[in-house]
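# What the coordinates show
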Amino acid sequence: MKKTAIFEDVVSIMTHDSSTSKDRKGCDPEPFRENITDDMTDDAFLYQVKAYLASFGVIGHVSFRDKKASQKGFLLRINGQKLYVEEANEDTGLQVGDQILALDGSDLEQVASLHKDYFISKTPERHYREWADLVSQSKRVTLLREGVEKTIEVAPSREPIQDQIFWKRLDDEILYLRLDNFMDEGAISRVYQECLPMMTEVKFLLIDVRHRGKGYVPYQQESEEFFPEVRGGQYPEQIFILSDIYCASSGDNFVQMMKQFKKVTVVGRPTLGILDYSNCCTVDYGDYRVMFPTSRCLSLDQGKGMTDQGVEPDIEVPWSPDHFERDVDLDKCLELIRQSCETAR
């Protein structure tokens, strides 16, 4: 299928089929038609279609991708005007804690201005995926590593960043679970079975879903009373959910669902917030694939959408480079536990 025909089909899908069409019209596709030709490079075509889709302002559940693309193998963090490497596979050449200063000789402010239509969200902290694209496409990445400025070329990774699903007992009264996704049913079931006896013993349970959190969690019904018939057991006495901007889709829903329970406290930063539109379909175009949502959250009609907001934590812990040195969010939970224990005495 020719590139011009693919673009026209994407425009038709977003106009007629996508559940975003009631609220989000996107920009005029005509300027993109003028730039798209059948003999343009794959990278240039991908950029044009993604920039068009970015105008709809829907993160995650509206996307266009090259099925042949290599794994990036790194994750970025935007903090104010600064861009950091949050996670990285060794073969990329990046290291955790690197601060990216420039791409191909242009500082980040210049790059952001040049590609302003490529960014989806109105909130800069949610631009980490688009920045990852731009870093991957750059020949020269200038960064600050342990106080020394250097320029490297970021290499594609052989594999994606590996999700982690595990548990550990922090002490006799505190159990910690890390769930990077909700798709690996085998690993989650194993962790659950291993932890089940301890859940009736510990006073405090910490569930860490800060790291991506993709997969499937049944979406809650839109009701003022959530699970009115559910009654929890005595233990654990308190549950802490650690959340962050990378927590998306099923991660959004998990945090939103757990936040309804009185014994739960959400600590960290808002989730990504992509559940206004969900239940996605894909259309295959050979080397490319477009994804679009088919359902729309009724909370939008009440002005309660989560786009560009996410699920707010009960206790917000602003991110800072200190997070590279220690787990600031976990330390906050442990501080709250100590305070709870002192109050109970």
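Structure: see above.
Rules behind the numbers
Residues numbered from 1 in each chain as written. Predicted model: local features only at pLDDT ≥ 70, side-chain atom pairs only at ≥ 80, totals over all residues. Heavy atoms only, no water. 1 Å grid on protein atoms, 1.4 Å probe; cavity = no way out; pocket = protein on both sides within 12 Å on 5 of 7 lines; lining within 4 Å. Points joined across faces, edges and corners; volume = space filled by probe spheres on them. Nonpolar A, V, L, I, M, F, W, Y, C, P; charged D, E, K, R; others polar. Salt bridge = Lys/Arg side-chain N within 4 Å of Asp/Glu carboxyl O. Helix = DSSP H or I, 4+ residues; strand = E, 2+ residues; numbered from the N terminus. Buried < 20%, exposed > 50% of the residue type's maximum accessible area, 1.4 Å probe, protein only. Core = buried A, V, L, I, M, F, W, Y, C linked by side-chain atoms within 4.5 Å. Contact = heavy atoms within 4.5 Å. Pairing = 2+ DSSP bridges. Axes fitted to C-alpha atoms, helices over the stretch in contact; angles between N-to-C directions.

## Some points on empty space enclosed by the protein
What the rule picks out here adds up to 1 cavity of 30 Å³ or more. Roughly 50 Å³ of internal volume is contained in the largest cavity. In this structure, the largest cavity is lined by G57, V58, I59, G273, I274, L275, D276, Y277 and T307. Across the lining of the largest cavity, the residue classes break down as 5 nonpolar, 3 polar and 1 charged.

## Some thoughts on the pattern of salt bridges
Considering all chains together, one arrives at 29 salt bridges under this definition. K68 is the partner of D287 in a salt bridge, and the nearest nitrogen-oxygen pair spans 3.7 Å. Of this pair, D287 sits in the loop between β15 (277-285) and β16 (288-296) while K68 sits in the loop between β1 (63-66) and β2 (74-79); the two residues are 219 residues apart in sequence, bridging distant segments of the chain. The class for D287 is partly exposed, based on a relative accessible area of 37%.

## Section: the nonpolar core
Membership of the largest hydrophobic core comes to 28 residues, with the highest contact counts inside it found for L76, I100, L103, Y128, W131, V135 and V141. The set of elements that each furnish at least two residues to this core consists of β2, β3 (82-88), β4 (99-103), α4 (108-114), α5 (128-137) and β6 (141-145). The element contributing the most residues to this core is α5, with 5 residues. Setting aside anything within four residues of it in sequence, one finds I100 in contact with L76, L83, V85, L108, V135, V141, T142 and L143. In terms of nonpolar packing, the next biggest core, distinct from the first, is built from 26 residues, L177, A187, V202 and M258 among them.

## Re unusual backbone geometry
Negative phi characterises most residues that are not glycine, and trans characterises most peptide bonds. Of note, D104 is a non-glycine position whose phi angle comes to about 50 degrees, a positive value. Relative to the assigned elements, D104 resides in the loop between β4 and β5 (106-107). Assessed through its relative accessible area of 33%, D104 is described here as partly exposed. Positive phi values are uncommon outside glycine, yet D308 reaches one of about 65 degrees. Of note, D308 is situated in the loop between β16 and β17 (315-316).

## Some remarks on the sheet that holds strand β13 (residues 238-243)
Two modes of strand pairing occur in sheets, parallel and antiparallel, and in both the strands are linked by backbone hydrogen bonds. A sheet is described by the order of its strands in space; here 6 strands give the open sequence β8-β9-β11-β13-β14-β17, paired in mixed fashion. Each of the sheet's edge strands pairs with one partner strand only, and the pair in question is β8 (165-171) and β17. Here β13 runs beside strand β14 (residues 264-268); their pairing, made up of 5 bridges, is parallel. Considered in β14, the bridge of I239 is made with V264. Packing against the sheet, helix α7 (residues 250-258) makes contact with β11 (204-208), β13 and β14, and its axis sits at approximately 150 degrees to β13. Strands β8, β9 (174-179), β11, β13, β14 and β17 of the sheet are contacted by helix α8 (residues 328-344), whose axis makes an angle of about 160 degrees with β13.

## A few points about the environment of L300
Residue position: L300 is located in the loop between β16 and β17. The spacing of L300 and D276 is 24 residues in sequence and 7.1 Å in space, taken between C-alpha atoms. Excluding its chain neighbours within four sequence positions, the residues that come into contact with L300 are D23, D276, Y277 and G305.

## Let's talk about the sheet that holds β16
Pairing in this open sheet of 3 strands is antiparallel, and the strands run β1-β16-β15 from one edge to the other. Two strands bound the open sheet, and with one partner strand each, they are β1 and β15. Strand-to-strand twist in this sheet, taken as the mean axis angle between neighbours without regard to direction, amounts to 25 degrees. Bridging between β15 and β16 involves 8 bridges; their strand directions are antiparallel. Looking across to β16, one finds that T282 is bridged to M291. This element, helix α1 (residues 3-17), spans β1, β15 and β16 of the sheet and lies at about 5 degrees to β16. Against the sheet, helix α3 (residues 42-54) makes contact with β1 and β16, and its axis sits at roughly 170 degrees relative to β1, the strand it touches most.

Distances and angles like these do not, on their own, reveal function.
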